[in-house]
Amino acid sequence: MRITLDEDRCCGAGTCVMTAPDVFDQRDDGIVVLLDPNPPAQLATSVHDAAARCPAAAIRVETE
Ligand code: SF4
């Protein structure tokens, strides 16, 4: 699993941080920070949920 972010699209909603806190964080201005671009498989469900719930469609998940 490989995650990429489009920070320009991020509106700082924070949904990803609430859904997958081991993978996403936010800067002081609210923009997303990627903590782990290659998270372990057990986080796949929460990562996919975070991507699906992102209102800005800023999270892309590729599975290997
Ligand atoms: S859910 Fe999307 S818009 Fe909200 S902080 Fe995360 S990446 Fe940004």
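Our structure's up above, just so we're on the same page.
Everything numeric here is computed off the predicted structure, so don't read it as measured data. (Residues numbered from 1 in each chain as written. Predicted model: local features only at pLDDT ≥ 70, side-chain atom pairs only at ≥ 80, totals over all residues. Heavy atoms only, no water.)

Colleague: Just checking my understanding: could you explain the overall build of the protein chain for this structure?
Modeller: Looking only at helices and strands, one finds two helices and four strands in the protein chain. Whereas a compact globule of 64 residues would reach a radius of gyration of roughly 11 Å, the protein chain reaches 10 Å, a difference of no more than 12%. Principal axes of the C-alpha set define a box for the protein chain whose edges measure 30 × 20 × 15 Å. Counting every position in the protein chain, which comprises 64 residues, the buried fraction comes to 36%. Restricting to contacts in the protein chain with at least 6 residues of sequence separation, those with at least 24 account for 57%. As presented, the protein chain carries roughly 3900 Å² of accessible surface, and 45% of it is formed by carbon and sulfur atoms. Between the averaged position of the 5 positive side-chain charges in the protein chain and that of its 11 negative side-chain charges there is a distance of 6 Å. (Helix = DSSP H or I, 4+ residues; strand = E, 2+ residues; numbered from the N terminus. Rg over C-alpha atoms; globule rule 2.2 N^0.38 Å. Buried < 20%, exposed > 50% of the residue type's maximum accessible area, 1.4 Å probe, protein only. Contact = heavy atoms within 4.5 Å. Areas by Shrake-Rupley, 256 points an atom, 1.4 Å probe, with all protein chains shown as cover. Lys, Arg positive; Asp, Glu negative; His and termini not counted. Charge placed at Lys NZ, Arg CZ, Asp CG, Glu CD.)

Colleague: Please clarify how the site of the ligand should be interpreted in this entry.
Modeller: Looking at the ligand, the residues that line it are Cys10, Cys11, Gly12, Ala13, Gly14, Thr15, Cys16, Val32, Cys54, Pro55, Ala56 and Ile59. Tallied by class, the residues present in the shell around the ligand amount to nine nonpolar, three polar and no charged. (Near = heavy atom within 4 Å. Nonpolar A, V, L, I, M, F, W, Y, C, P; charged D, E, K, R; others polar.)

Colleague: Teacher, can you tell me more about the pattern of salt bridges here?
Modeller: Where charged atoms from two side chains of opposite charge come close, those side chains can pair. Using the criterion set out here, one finds three salt bridges in the structure. Glu62 serves as the salt-bridge partner of Arg2, at 3.0 Å between the closest nitrogen and oxygen. Here Glu62 lies in strand 4 (residues 59–62) and Arg2 lies in strand 1 (residues 2–5), a separation of 60 residues in the sequence. According to the relative accessible area criterion, Glu62 is partly exposed, its value standing at 30%. Notably, a salt bridge pairs Arg27 with Glu7, separated by 3.8 Å at the nearest N-O pair. Of this pair, Arg27 sits in the loop between strand 2 (24–26) and strand 3 (32–34) while Glu7 is found in the loop between strand 1 and helix 1 (15–19), placing the two residues 20 residues apart along the sequence. (Salt bridge = Lys/Arg side-chain N within 4 Å of Asp/Glu carboxyl O.)

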